[in-house]
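Understanding the architecture of this molecule
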Amino acid sequence: MIAGYFAATRDAVTRLATDPAYVEFFEQVADRLVRCYESGGKVILAGNGGSAADCQHIAGELVVRFRKDRPALPAIALTVDTSVLTACLNDYGPDPVFSRQIEALGREGDVFWAFSTSGNSSNILAACDAAKKRGMTVLGFTGEDGGMLWDVSDLCFRAPSAVTSHIQECHITAGHMLCLVIEERLFGRK
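Quick caveat: nothing in here was measured; it's all calculated off a predicted structure.

What counts and how
- Per-chain numbering applies: the sequence of each chain, read as written, is numbered from 1 onward.
- A pLDDT threshold of at least 70 governs which residues receive local features in this predicted model, and a stricter bar of 80 or more applies before side-chain atom pairs are shown or counted, although totals over entire chains, interfaces and linings include all residues.
- Water and hydrogen atoms play no part in the side-chain values, which are based on all heavy atoms of the structure.
- Strands here are runs of E lasting at least two residues and helices are runs of H or I lasting at least four, both read from the DSSP assignment and numbered beginning at the N terminus.
- Only C-alpha atoms enter the radius of gyration; for comparison, a globular chain is expected to reach 2.2 Å times N to the power 0.38, where N is the number of residues.
- Working definition: with a 1.4 Å probe on protein chains only, accessible area under 20% of the residue-type maximum means buried, over 50% means exposed, and in between means partly exposed.
- Surface accessibility follows the Shrake-Rupley procedure with a 1.4 Å probe radius. Residue values consider only the protein chains on display as shielding.
- Think of it this way: Lys and Arg go in the positive column, Asp and Glu in the negative one, and His and the chain ends go nowhere.
- A charge is said to be at NZ when it belongs to Lys, at CZ for Arg, at CG for Asp and at CD for Glu.
- DSSP bridges decide pairing: two strands pair if at least two such bridges lie between them.
- Note on handedness: a crossover is taken as right-handed if, strands pointing away from the viewer, the path from the first strand over the helix to the second is clockwise.
- One fewer than the residue count of a helix, multiplied by 1.5 Å, yields its expected span.
- Contacts are assigned to residue pairs with any non-hydrogen atoms lying within 4.5 Å of each other.
- Think of it this way: a Phe, Tyr or Trp ring, Trp meaning its six-membered ring, pairs with another when their centres are within 6.5 Å, and the plane angle makes it stacked under 30 degrees, edge-to-face over 60, tilted otherwise.
- Two cysteine sulfurs form a disulfide in these notes if their separation is within 2.5 Å.

Brief notes about the overall build of the protein chain
- Tallying secondary structure elements over the protein chain gives eight helices and five strands in all.
- Counting helices and strands in the order they occur from the N terminus, the protein chain gives α-α-β-α-β-α-α-β-α-β-α-β-α.
- Its C-alpha atoms give the protein chain a radius of gyration of 16 Å, near enough to 16 Å, the size a compact globule of 190 residues would have.
- Reported as C-alpha extents along the three principal axes, the dimensions of the protein chain are approximately 45 × 45 × 25 Å.
- Expressed as a percentage of the 190 residues in the protein chain, the buried residues total 49%.
- Within the structure as shown, the protein chain displays about 9100 Å² of accessible surface, and the carbon and sulfur contribution to it stands at 55%.
- Counting 18 positive and 23 negative side-chain charges, the protein chain places the centres of these two groups 6 Å from one another.

Written out as structure tokens, the structure is:
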């Protein structure tokens, strides 16, 4: 069982490294994130459960540092403000918990990085709609099927697995790779 689990993780991540379509796709994603930062924009991230933790993780890598000592990059994980989250849950229910924050914080040119392993989380889809209305790019991170997130994203990464844990392992691996590329492109020569 242990070796089998590691083998399934290895196989999913190996597909990311060896399939030219993934490499080409992530070039496009990296270009869009770099353009966002070069134009003074920010990255806003949201997800539920383990995906919420991934959002916080990636926001930390962007704001603080990944591998380089460099200026902070603006990134906000919408999953961390418990007063906003609980007020919205209490007053409006779960669906607008992220879209209300997008309405408050999102601006044209920003990127909304949406995590949903199923691609069907209603609060993530509502936030995507709010982001589109504000002129933001929607970057989806989901599973093999893509769900509805596939249809509403400008760029959508479908991890090569249908197993939640392996999807999340691909998401954090791809997120780290994008942090590396962003740092190199923005600060590599300085």
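Side note on the pairing of strand 5 (residues 155-158)
- Bridge count between strand 4 (residues 137-142) and strand 5: four bridges; the pairing is parallel. Considered in strand 5, the bridge of Thr142 is made with Arg158.
- After leaving strand 4, the chain enters helix 7 (residues 147-152) and then returns to the sheet as strand 5, a path that is right-handed.

Here's the deal with helix 3 (residues 50-63)
- The first and last C-alpha atoms of helix 3 sit 20 Å apart over 14 residues, in line with the 20 Å expected at 1.5 Å per residue.
- Those residues of helix 3 that fall on the buried side of the exposure criterion are Ser51, Ala52, Asp54, Cys55, Ile58, Ala59, Glu61 and Leu62.
- Residues of helix 3 that are buried in the fold lie against helix 2 (20-38), strand 1 (43-46), strand 2 (75-77), strand 3 (111-115) and helix 8 (164-187).

Things to note about the pairing of strand 1
- Because side chains alternate across strand 1, one face comprises the buried residues Val43 and Leu45, and the other comprises Ile44 and Ala46, equally buried.
- In this structure, strand 1 lies alongside strand 2, joined through three bridges in parallel fashion. Pairing of Val43 across the sheet is with Ala75, part of strand 2.
- Crossover strand 1 to strand 2 through helix 3 is right-handed.
- Where strand 1 meets strand 3, four bridges bridge the pair, whose relative direction is parallel. Pairing of Leu45 across the sheet is with Trp113, part of strand 3.

Regarding the packing of aromatic side chains
- If you walk through the whole model with that rule in mind, you get nine aromatic pairs.
- Considering the side-chain rings of Tyr22 and Phe157, the 6.0 Å spacing of their centres and the 85° angle between planes classify their relative orientation as edge-to-face. Separated by 135 residues along the polypeptide, Tyr22 in helix 2 and Phe157 in strand 5 bring together distant segments of the chain.
- A centroid spacing of 5.2 Å and a plane angle of 65° characterise the contact between Trp113 and Phe141, whose relative ring orientation is edge-to-face.

Regarding the state of the cysteines
- Within the structure shown, the criterion is met by zero disulfides.
- For the unlinked cysteine Cys36, the closest cysteine sulfur is that of Cys179, found at 13 Å.
- Here Cys128 stays unpaired: no disulfide links it, and the sulfur of Cys156, its closest cysteine neighbor, is 8.8 Å away.
- Under the relative-accessibility criterion, Cys128 is labelled buried at 1%.

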